[in-house]
Amino acid sequence: MADQPYWNPRHETMPREELAGLQLRKLRRLVEWADASVPWHSKRLRDAGVTADQLESLDDLRRIPFLSRDEWMRAQQDNPPFGSILAAPQERAIRYHMTSGTTGSTPLRVLDSMKDWEWIAEMWCYGLWGFGVRPADTLFVAFGYATFIGFWGLHYAGEKLGCLVLPGGAMTTEQRVKQIVEMGATVVASTPTYALRMAQEARELGLDLSGSSVRLLILSGEPAGSIPATKRLIEEQWGAKAGDTAGMTELGTIMIFECSEQPGGTHLIEDHYIEEVVDPITDEPVGYGELGERVVTSFGRGFIPVLRYRTRDLVVRQPASTCTCGRTFDLYEGGIRGRVDDMKLIRGTNVYPRAVEAIVREYAEIDEFQIHLYTEDGIRDEIEVLVEIPHGDANAILARLTKSLADAHEGLRFGVRQAENGSLPRFELKAKRVVDERVVIGGEGERRT
Ligand SMILES: [Zn+2]
């Protein structure tokens, strides 16, 4: 078993036609379950005129209405604390989690059963095993172990694989880095930003991470794990291979992972999810190679059935054959490209924070950065990028960075300023590097998002 690359060889290499048959059978069961156990779902299905036995092919999935975060939130607010979305009585749950609460939004609350948690760990096993984690590994989890779901599932997957798991909760960065080195961890799980933060701490402590026993990094929580420049920087500083994964609290676990071939994208876990990619404006499906919003149907979570959830994640789907690993699961090239809501319009030019990061990370001398949007003279939108440059020729870097940012954005002028070392915020989870202080004309002081 240890020398084969797949966690679930039968499913991960299943011919796509067979895979579609499996998805259709699972979809019927899911619709039946949602219909029978959640009145809120059965009303939505009834209104759309859908029943499980009418689903004849995967195309019929499109007859099921989308589920948006707003709708889920309304259900939660109408019937707190969880909303009428639970498929079993609350007493049957064993665990509570909530979303990390990105700027300004109320968190969604979720419950899971024992069986759900077995499934959550199983999904992480696809990712860990697929990237080369094996029972002999020592896995350090650099994560706070709170109500945010984060790496909880990875922790259990590590145990399920038979790794030695080191839970790195409630520790300072210094303590974490020292423990990684002292305990001879071979695999480290963290967000991309925090992987860089730990590398920085190690340098300050005079510890050599690239000479340590760490051989793999499992990244999650931010899209940066698939930004080539960020990944390269992390791999250089750790002397280890970095693999991207992405999940979502609303779905309980990861749904995509990078395999050990590192194809520049993440495989979908298609025997447990149906992933659709749609145009976020027209809702029409888009084809391979086109940017769109991913919509996820999950077969695994029994306590909260999820049908056609609008993730707001932007992705570009590519056929499985673009990877050499032999899996028949398709890929998202470049992982998660950002969020539908991330885009900022500056004087008529679209700016995606991910694209800015991809350029900033080309400069290994830059430790941390922040994107700042503000209004000049009460009317004109401005964008500046603050960077910490503890080493190297700062003036030369500022000049080159200013030019590359403008070149990549139709000549849009970016203010690039050096910030004092250590002055910008550091993040352990979900870095928030965009500060938008623009005012809406006529609504002074209001923040536009
Ligand atoms: Zn692959």
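See the structure above.
Residues numbered from 1 in each chain as written. Predicted model: local features only at pLDDT ≥ 70, side-chain atom pairs only at ≥ 80, totals over all residues. Heavy atoms only, no water.

Undergrad: Whenever I open this one, empty space enclosed by the protein confuses me. Can you help?
TA: Considering all chains together, one arrives at three cavities of 30 Å³ or more under this definition. In this structure, the largest cavity occupies an estimated 110 Å³ of space. Broken down by secondary-structure element, the contributors of at least two residues to the lining of the largest cavity are α8 (192-205) and α9 (228-238). It is α8 that contributes the most residues to the lining of the largest cavity, five residues altogether. Split by residue class, the lining of the largest cavity holds four nonpolar, three polar and seven charged. Here the lining of the largest cavity spans two domains, since at least three of its residues come from each of domain 1 (1-338) and domain 2 (344-437). Here the second largest cavity is characterised by a volume of approximately 40 Å³. Lining the second largest cavity are K344, V351, Y352, P353, V356, I371, L373, I383 and V434. Where the lining of the second largest cavity is concerned, the elements lending two or more residues are α10 (353-360) and β17 (369-376). (1 Å grid on protein atoms, 1.4 Å probe; cavity = no way out; pocket = protein on both sides within 12 Å on 5 of 7 lines; lining within 4 Å. Points joined across faces, edges and corners; volume = space filled by probe spheres on them. Helix = DSSP H or I, 4+ residues; strand = E, 2+ residues; numbered from the N terminus. Nonpolar A, V, L, I, M, F, W, Y, C, P; charged D, E, K, R; others polar. Domains from an automatic or database assignment.)

Undergrad: Looking at this model, I keep getting lost on the packing of aromatic side chains. Mind explaining?
TA: Aromatic ring pairs are defined here through the distance separating the ring centres and the angle between the ring planes. Under the counting rule described, the total for this entry stands at 10 aromatic pairs. For the ring pair W72 and Y309, a centre distance of 5.6 Å and an interplane angle of 80 degrees mean the geometry is edge-to-face. Of this pair, W72 sits in helix α4 (residues 69-78) while Y309 sits in strand β12 (residues 306-318), placing them 237 residues apart in sequence. For the pair formed by W72 and Y309, the shared burial category is buried. Ring pairing ties together the aromatic residues W117, W124, F143, Y145, F151, W152 and Y156, which thus form one cluster. Its end group placed over the ring of W117, R95 keeps NZ or CZ at 4.6 Å from the ring centre. We note K241 situated over the ring of F131; from NZ or CZ to the ring centre the distance is 5.4 Å. (Phe/Tyr/Trp six-rings, centres within 6.5 Å; stacked < 30°, edge-to-face > 60°. Buried < 20%, exposed > 50% of the residue type's maximum accessible area, 1.4 Å probe, protein only. Lys NZ or Arg CZ within 6 Å of the ring centre and 35° of its normal.)

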